[in-house]
Amino acid sequence: WRCVCDCGASAVVCSDKLRSGRTRSCGCLWKSRSGLSTSIEYKLWAAMVARCVNPGLRGYKNYGGRGIRVCERWMTFENFLADMGRRVGDRRSATLERIDNEGHYEPGNVRWASMAEQMLNKRTNRLLTSGGRTMPITAWARELGRSASGLAARLRRGLSPEAALRPRCNDYRRVVVNGKETSVKARAAEWGVRPGLIYARISQLGWSPERALTQAP
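Predicted model only: the values in this text are computed from it and were never measured.

J.: An account of the overall build of the chain is needed here, citing residue identities and associated values.
T.: If you tally the helices and strands in the chain, you get 11 helices and 8 strands. Put simply, the chain has 217 residues, and 36% of those count as buried. Taking the contacts inside the chain whose residues are at least 6 apart along the sequence as the reference set, 40% of them involve residues at least 24 apart. Accessible area for the chain stands at about 13,000 Å²; split by element, carbon and sulfur atoms hold 51% of it.

Set out below in structure tokens:
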């Protein structure tokens, strides 16, 4: 039930808690006793609950809208804090992350994690396998010095994961071959072919730049 507290705030409360009297406020009684209402843990807890129960929030469709819920125990802040503890040490900038991204906010499935760690666990972060290694797009992008959005765009164009992870054609506008610097454009003019043919050798066939620029069509 969505109830209005004496303080004027609203809260979603389970019917059994209303009948038993275990819930007596929106949480303001606890906040007034603990002084934690201004803590980052409280703010993150409140945001967690809101994105699962408030259809008016922009992010609701990614949480409550697809069935993600907060367990009954964690609808009370003191229970959440008792299970999760305070953020300490290198976790001062951490946020709440669900370990199983299809699971709920409940004990055993939530941890404090940095934003970088959360990005690796996003459901939109596709896993790619190349050379026997499987990593999220963001991890590949970081390793290759590329952008994750750029890799995703190559996949949308129909490239295989192996091809999407190969160096971009633009990386080979100028290449040193046999001790001499040349360019795709210059070699294409020399051979009388389109530069796209040489680029295709690299991006689609997986040729090395040296082979693509030394083996005439």
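J.: Could you give me a rundown of the packing of aromatic side chains, with the residues and numbers involved?
T.: Within this structure, the stated rule accounts for 6 aromatic pairs. Here Phe 80 and Trp 112 contribute two aromatic rings whose centre-to-centre distance is 6.4 Å and whose plane-to-plane angle is 80°, an arrangement assigned as edge-to-face. Placement of Phe 80 in helix H4 (residues 77-84) and of Trp 112 in strand E4 (residues 110-113) is noted, with a sequence separation of 32 residues between them. Across this residue pair, the class does not change: Phe 80 and Trp 112 are buried. Among the aromatic residues, those joined into a ring-pair cluster are Tyr 42, Trp 45, Trp 74, Phe 77, Phe 80 and Trp 112. For the cation-ring pair, Arg 51 lies above Tyr 63, with the distance from its terminal atom to the ring centre recorded as 5.1 Å. Over the aromatic face of Tyr 105 sits the side chain of Arg 98, whose NZ or CZ is 5.1 Å from the ring centroid.

Conventions adopted
- Residue positions are given per chain, counting from 1 as you read along its sequence in written order.
- Per-residue local features of the predicted model are confined to residues with pLDDT of at least 70, and side-chain atom pairs are confined, for both listing and counting, to 80 or more; whole-chain, interface and lining totals are unaffected and use all residues.
- Derived side-chain values reflect all non-hydrogen atoms in the structure, with water molecules and hydrogen atoms excluded from consideration.
- Each helix is a run of DSSP H or I of at least 4 residues and each strand a run of E of at least 2, with the numbering of both proceeding from the N terminus.
- Each residue's exposure class comes from its accessible area (1.4 Å probe, protein chains only) as a fraction of the maximum for that residue type: buried when under 20%, exposed when over 50%, partly exposed otherwise.
- The contact criterion used throughout is that any non-hydrogen atoms of two residues lie within 4.5 Å.
- We get accessible surface area from the Shrake-Rupley algorithm with a probe of 1.4 Å; when it comes to residues, only the shown protein chains can shield them.
- Here is the rule: rings of Phe, Tyr and Trp (six-membered ring for Trp) pair when centre to centre is within 6.5 Å. Planes less than 30 degrees apart are stacked, more than 60 are edge-to-face, and the remainder are tilted.
- Any Lys NZ or Arg CZ that is within 6 Å of a ring centre and within 35 degrees of that ring's normal is treated as a charge sitting over the ring.

The quantities given are spatial measurements derived from coordinates; they are silent on function.
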